[in-house]
Protein chains: 2
Amino acid sequence: MGGDHAPKPEIEGSLRAVRHLPVEVILVGREEVLRAELSAHHPGWEKLPIRLHHASEVVTMDDGAAKSLRSKKDSSIRVACRLMHDGVAQGVVSAGNTGAVMATSKTVNGMVRGVDRPALASVFPTVKGKPAVMVDVGANVDVDARLLAQFALMGELYSRLIFHTENPRVGLLSIGEEEHKGNELTKAATPLLKALPINFIGNVEGRDLFTGHADVIVCDGFVGNVALKVSEGLVEVGKHLLQDALKASVSGKIGYLLARNAFAELKKRVDYSEYGGAPLLGVKGCTIICHGRSNANAIRNAIRVAAEFAQSDLNRRLEAGLAHGRAGRE
Amino acid sequence: MGGDHAPKPEIEGSLRAVRHLPVEVILVGREEVLRAELSAHHPGWEKLPIRLHHASEVVTMDDGAAKSLRSKKDSSIRVACRLMHDGVAQGVVSAGNTGAVMATSKTVNGMVRGVDRPALASVFPTVKGKPAVMVDVGANVDVDARLLAQFALMGELYSRLIFHTENPRVGLLSIGEEEHKGNELTKAATPLLKALPINFIGNVEGRDLFTGHADVIVCDGFVGNVALKVSEGLVEVGKHLLQDALKASVSGKIGYLLARNAFAELKKRVDYSEYGGAPLLGVKGCTIICHGRSNANAIRNAIRVAAEFAQSDLNRRLEAGLAHGRAGRE
C-alpha cells in the first residue's frame with residue numbers, strides 16, 4: 001500500500017507474476033481497495049493463485065521509520081512481515097517507505113545470527129552482461145570495517161546464489177585501485193576482507209559499477225546511496241539530453257524515430273526495474289525493497305527475485321559463514 | 001610532461017589556446033622534446049606567444065606524491081609551480097599525476113590564508129545548462145564538518161566568479177533531502193553551512209549533480225571522487241550500450257548514421273573536456289588539474305579556465321571571507 005502509485009503497479013505486477021512464475025501472491029492491505037483494483041484489472045482473478053490479507057493502516061513516505069513501527073501496528077508492511085515471520089509467506093516485497101520497511105522487517109523477523117546490521121544490496125548492469133551487486137546502498141550510513149566485512153560476505157553469497165556467479169570477485173569501493181588509496185575506513189577494512197574466504201580483488205573505483213570488473217562491490221551505505229542516485233540521475237538526464245540533441249536536426253529526428261526500438265532495448269538494459277528491487281540482507285526471511293515509483297514490471301521482477309532468494313539457502317549459509325568467524329570478528 | 005600522452009595533447013591544446021585566447025603559454029618540460037613536438041605540429045611556432053622553460057625531470061603516474069616532491073626537484077610540475085610562485089606565470093595547468101600536482105602546488109605556492117586544506121572541484125553538466133560545481137572530488141578523503149564549510153565557501157566563489165552565477169545555490173550531498181537524512185558528518189556540517197553568508201539550500205542527492213537543482217555541491221573527497229567516477233563510467237558504458245543497441249537492427253543502424261551529429265553534440269554536453277579540468281581551490285595562485293588522458297581540446301579549455309581564474313579575485317575574496325569568520329571557525 002505504500003508505493004508512490006499503490007496499489008496499481010503492485011497489483012498489475014502481481015498478476016503478471018502469478019501468470020508467469022511458480023508463485024502464489026498474498027496482497028496485504030485494505031481489502032476493499034485491493035479487491036476493487038484487482039477486479040478492475042482482471043475480472044475472474046479469484047481463479048489465480050492470488051489471496052488478499054487485510055491490513056487497516058498504511059505507512060506513508062513521510063512517516064519516520066521508528067514512529068511508524070511504534071504507532072502503526074496494523075500497517076500493510078508490518079502485517080506482511082508478520083505473515084513471513086509466521087511462515088505463511090516465504091518472502092516480502094514492498095515499494096513503500098524504505099526506512100520503514102527496513103526497520104519493520106528487522107524488528108518483526110529478527111537478524112540472521114552473527115549479522116550486526118542489515119544491508120541493502122542493489123544491482124547494476126555491466127558491459128559484461130552479468131550484473132554487479134553493490135552492498136550497502138543505504139541501510140547503514142556510519143559503519144566500521146567489521147561491518148564492511150559482513151557486507152562482503154552477504155554480497156558474495158547473493159551473487160553466488162541468485163546470479164549463479166562462480167567464485168564472485170569482491171571489490172572494495174575506493175578512490176584508486178592501489179591499496180593505499182582510500183580513506184580510514186577502507187584502509188581498516190582491507191586486512192579484514194583479505195582474511196575472508198572469498199575472492200577479494202582489492203579496491204575498485206566508481207566506474208567499476210558498470211565495467212564488470214567486480215561481481216560484488218562493498219561500501220558504506222552513504223557512499224553506496226550516492227553512487228546509486230548518481231547513476232539513476234545520469235540515466236534520466238542522458239535520455240533527455242540525447243532526445244534533445246536528436247530532435248534538434250531533421251536527420252536526427254528521423255534517426256530518433258528509426259532508433260526508437262533500440263532506445264527501448266537500451267533502457268531495458270540500464271533499467272533498475274529489470275533487476276527487481278533491492279534485497280535487505282542479514283534479516284531473517286527474505287525482504288525485497290522496490291523503488292517507490294516502481295512499475296508493474298519492476299514488481300513482477302521483485303517477486304521473481306524474492307522467490308529465488310526464499311528458495312536459496314542464503315541465510316543458512318550466511319549464518320554458517322559467520323559462525324566460523326569469517327566476518328572479521330576479533 | 002606527466003600526462004598519459006604527453007606532450008602531444010598538451011602542445012596541441014596550447015597551440016589552440018594561444019591562437020584563440022588572449023593568453024601566453026609557457027611550456028615546461030624537456031626542452032628538446034617540446035621543441036621537436038612543437039615544430040612538428042606548427043612550423044613557425046616561434047612567432048606565437050609560446051615559450052619554453054626547461055625542466056629535466058618528469059613525475060610519472062606511478063610516483064608517490066610525497067616522494068616525487070622530495071626527490072624530483074626539477075620536475076616539470078615543480079618548475080611550473082615555481083614559475084607561478086615567482087610571478088612569471090599566473091596559472092598552472094597539468095594533466096599529470098593528480099596527487100603530485102596537489103602536493104607540489106600546495107608546498108611551492110602555499111595556502112590561501114585561513115584555508116586548512118586545498119580542495120579539488122569538478123564541474124558537471126546539468127539539464128538546466130549551467131554546470132554544477134562539486135567540491136571536493138578527491139583532495140581530502142577524511143574530513144570534518146569545518147572543512148566542508150570551507151569547501152562550501154570555495155565552491156560558492158568559484159561558481160560566482162567563473163560561471164557568473166548570481167547567488168549560487170549551495171547543497172550538501174547526502175542521502176535524502178530532509179535534514180535528518182545523512183551521516184554523522186553531514187549532520188555536523190549542516191549548522192555550520194547554515195551559518196555561512198551563502199545561499200545554502202540544505203541536502204541534495206546524487207541525482208542533483210545533473211538536475212541543476214544546486215549550483216554548488218559540497219561533499220568529502222571520497223564520496224565526491226566516487227560520484228565523479230560513477231558518472232564517467234556510466235557515460236562510457238552508456239555510449240557502448242547505445243551503439244550496440246542501435247547497431248543490432250537495420251533501422252537502428254540507419255538511425256545511428258542519421259543521428260551521428262546529434263551524438264557528437266551530446267558527447268560535447270557531457271564531456272568533461274569541455275569544462276576544462278578541475279581547479280585546486282584554497283592554494284595560492286591558480287592550479288588546474290586535468291585528466292591524465294586529456295585531449296587537446298581539454299587542455300585548451302583548461303588554459304581558458306586558468307586564465308579566467310587567474311584574472312578573478314577568487315583567492316583574495318576567499319581570504320577576506322575566511323577572515324570574517326565565515327567558514328565555521330569556532
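Quick notes on the rules
Residues numbered from 1 in each chain as written. Chains lettered and ligands numbered in written order. Predicted model: local features only at pLDDT ≥ 70, side-chain atom pairs only at ≥ 80, totals over all residues. Heavy atoms only, no water. Phe/Tyr/Trp six-rings, centres within 6.5 Å; stacked < 30°, edge-to-face > 60°. Helix = DSSP H or I, 4+ residues; strand = E, 2+ residues; numbered from the N terminus. Buried < 20%, exposed > 50% of the residue type's maximum accessible area, 1.4 Å probe, protein only. Pairing = 2+ DSSP bridges. Axes fitted to C-alpha atoms, helices over the stretch in contact; angles between N-to-C directions. Contact = heavy atoms within 4.5 Å. Salt bridge = Lys/Arg side-chain N within 4 Å of Asp/Glu carboxyl O. Polar contact = N/O pair within 3.5 Å; in protein donor to acceptor, adjacent residues only side chain to side chain. Expected span 1.5 Å × (residues − 1). Domains from an automatic or database assignment. Buried area = accessible area lost by both parts, 1.4 Å probe. pLDDT = per-residue confidence, 0-100. Left-handed = near helix turned anticlockwise from the far one by under 90°. Nonpolar A, V, L, I, M, F, W, Y, C, P; charged D, E, K, R; others polar. Right-handed = clockwise from strand over helix to strand, strands pointing away. Parallel < 35°, antiparallel > 145°, perpendicular 65-115°, else oblique.

**As for the packing of aromatic side chains**
All names here are of chain A.
Thought 1: Using the criterion set out here, one finds 6 aromatic pairs over all chains in the structure.
Thought 2: Aromatic pair F124 and F210: ring centres 5.9 Å apart, planes at 85 degrees, arrangement edge-to-face. In this pair, F124 is assigned in strand β4 (residues 119-124) and F210 in helix α8 (residues 208-211), connecting sequence segments 86 residues apart. Here F124 and F210 have matching classes, each one buried.
Thought 3: Between Y158 and F163 the ring centres are 6.0 Å apart and the planes differ by 80 degrees, which places this aromatic pair in the edge-to-face class.
Thought 4: Residue classification places Y158 among the buried positions, given a relative accessible area of 2%.

**Some details on the sheet that holds strand β4 (residues 119-124) of chain B**
Residue and element names in this part refer to chain B.
Thought 1: Strand order in the open sheet formed by 8 strands is β3-β10-β9-β4-β5-β8-β6-β7, with mixed pairing between adjacent strands. Because the sheet does not close on itself, it has two edges, and the strands there are β3 (92-94) and β7 (199-204). Going across the sheet, the axis of each strand differs from the next one's by a mean of 25 degrees, ignoring polarity.
Thought 2: In this sheet, strand β5 (residues 132-135) lies alongside β4 in antiparallel orientation, the contact comprising 4 bridges. From the neighbouring strand, V123 faces β5, where its bridge partner is V133.
Thought 3: Across the sheet, helix α5 (residues 98-109) lies against β3, β4, β9 (278-281) and β10 (287-289), angled at about 170 degrees from β10, the strand it touches most.
Thought 4: Lying on the sheet, helix α6 (residues 145-162) is in contact with β4, β5, β6 (169-173), β8 (216-218) and β9; it crosses β8 at an angle near 165 degrees.

**Observations regarding the pattern of salt bridges**
Thought 1: For the coordinates displayed, the defined rule picks out 34 salt bridges over all chains.
Thought 2: Measuring nitrogen to oxygen at the nearest pair gives 2.7 Å for the salt bridge that ties B:R35 to B:E31. In this pair, B:R35 and B:E31 are both assigned in helix α2 (residues 31-41), 4 residues apart and thus about one turn of the helix distant.
Thought 3: On the basis of relative accessible area, B:E31 is assigned to the partly exposed category, the value being 28%.
Thought 4: Overlapping salt bridges bring together A:E205, A:R207, B:K229, B:E232 and B:R293 as one network.

**Overview of the side chain of B:N315**
Residue and element names in this part refer to chain B.
Thought 1: Tracing the chain through its elements places N315 in helix α13 (residues 314-323).
Thought 2: By relative accessible area, N315 is classed as buried at 17%.
Thought 3: Within polar-contact distance, the side chain of N315 engages the backbone oxygen of G285 at 2.9 Å.
Thought 4: Ignoring anything within four residues of it in the chain, the contact list for N315 reads V112, V283, K284, G285 and F309.

**Focus on helix α1 (residues 8-20) of chain B**
All names here are of chain B.
Thought 1: If you check α1, its first and last C-alpha atoms are 19 Å apart, about what 13 residues at 1.5 Å a residue would give, namely 18 Å.
Thought 2: Taken residue by residue, α1 has P9, E10, I11, G13, S14, L15, A17 and V18 as its buried positions.
Thought 3: Check the buried side of α1 and you find it contacts β1 (25-29), α2, β2 (50-54) and α12 (296-311).

**Regarding the domain arrangement of chain A**
A common measure of how large an interface is: the accessible area buried when the components associate.
Residue and element names in this part refer to chain A.
Thought 1: Splitting chain A by domain gives domain 1 (8-115 + 282-315) and domain 2 (119-273).
Thought 2: Facing the 19 residues of domain 1 at the interface are 12 residues of domain 2.
Thought 3: Sorting the residues of domain 1 by area buried against domain 2 places M102, H291 and L314 first, and these three jointly supply 35% of that buried surface.
Thought 4: Across the contact surface, domain 1 and domain 2 share 1 salt bridge.
Thought 5: Between E232 and R293 there is a salt bridge, with its nearest N and O atoms 3.9 Å apart.
Thought 6: For the pair domain 1 and domain 2, the number of links is 2 residue pairs in polar contact (both at pLDDT 80 or more).

**Quick word on the environment of A:P191**
Thought 1: Structurally, A:P191 is set in helix α7 (residues 184-195).
Thought 2: Through-space distance from the C-alpha of A:P191 to that of A:A149 is 9.6 Å; in sequence the pair is 42 residues apart.

**Considerations on the confidence of the model for chain A**
Residues and elements named next belong to chain A.
Thought 1: In the predicted model, chain A carries a mean pLDDT of 90, and the fraction of residues at 70 or more is 88%.
Thought 2: Counting interchain partners and residues more than four positions distant, the pLDDT-below-50 stretch residues 326-330 has 19 contacts.
Thought 3: Both scores are given for the predicted complex: the pTM is 0.90, the ipTM 0.88.

**A word on the packing of α6(B) against α13(B)**
Residue and element names in this part refer to chain B.
Thought 1: Between α6 and α13, whose axes approach to 10 Å, the crossing angle comes to 140 degrees. Between α6 and α13 lies a crossing of right-handed hand. Here α6 contributes Q150, L153, M154, L157, Y158, R160 and L161 to the contact with α13, which in turn contributes L314, R317, L318 and L322.
Thought 2: In terms of residue class, the contact of α6 with α13 is built from 8 nonpolar, 1 polar and 2 charged.

**Re the side chain of B:N203**
Residues and elements named next belong to chain B.
Thought 1: With respect to the helices and strands, N203 occurs in strand β7.
Thought 2: Looking at N203, the relative accessible area reads 5%, which means it is buried.
Thought 3: At 3.2 Å, the side chain of N203 forms a polar contact with the backbone oxygen of G176.
Thought 4: Those residues within four positions of N203 in sequence are excluded, and the remaining contacts are L172, S174, G176, E177, E178, E179, K181 and T190.

**Section: the pairing of strand β1 (residues 25-29) of chain A**
Residue and element names in this part refer to chain A.
Thought 1: Burial analysis of β1 places 5 of its 5 residues in the buried class, the great majority of the element.
Thought 2: Burial along β1 is two-sided: the face carrying V25, L27 and G29 and the face carrying I26 and V28 are both buried.
Thought 3: As paired elements, β1 and strand β2 (residues 50-54) share 5 bridges and run parallel to each other. Residue pairing across strands places V28 opposite H53, the latter belonging to β2.
Thought 4: For the handedness criterion, the β-α-β arrangement of β1, helix α2 (residues 31-41) and β2 is classed as right-handed.

**Observations concerning unusual backbone geometry**
Thought 1: B:P7 follows B:A6 through a cis peptide bond whose omega is 0 degrees.
Thought 2: Looking at the secondary structure, you find B:P7 in the segment before α1.
Thought 3: Looking along the chain, the bond that leaves B:V135 and enters B:D136 is cis, with omega of 10 degrees.
Thought 4: Backbone geometry at A:H164 places phi at a positive 55 degrees, although glycine is not the residue there.

**Observations concerning the environment of A:L193**
All names here are of chain A.
Thought 1: Position of L193 relative to the elements: it lies in helix α7.
Thought 2: Taking the C-alpha atoms as reference points, L193 and A152, separated by 41 residues in sequence, lie 7.5 Å from one another.
Thought 3: Ignoring sequence-local partners within four residues, the contact set of L193 consists of L148, A149, A152, L172, I198 and F200.

**Section: the environment of A:E37**
Residues and elements named next belong to chain A.
Thought 1: Mapping E37 onto the fold places it in helix α2.
Thought 2: The sequence separation of E37 and P7 amounts to 30 residues, and the corresponding C-alpha distance is 7.6 Å.
Thought 3: With near-sequence residues (within four places) excluded, E37 lies in contact with P7, K8 and I11.

**Quick look at the packing of helix α6 (residues 145-162) of chain A against α7(A)**
Residue and element names in this part refer to chain A.
Thought 1: Running from amino to carboxyl end, α6 crosses α7 at an angle of 55 degrees, the nearest separation of the two axes being 8 Å. On the basis of the axis angle, α6 is oblique to α7. As α6 packs across α7, the resulting crossing turns out to be right-handed. In this structure, α6 uses A145, R146, L148, A149 and A152 to contact α7, whose residues at the interface are L185, A188, A189, L192 and L193.
Thought 2: Classifying every residue of the contact of α6 with α7 by side-chain character gives 9 nonpolar, no polar and 1 charged.

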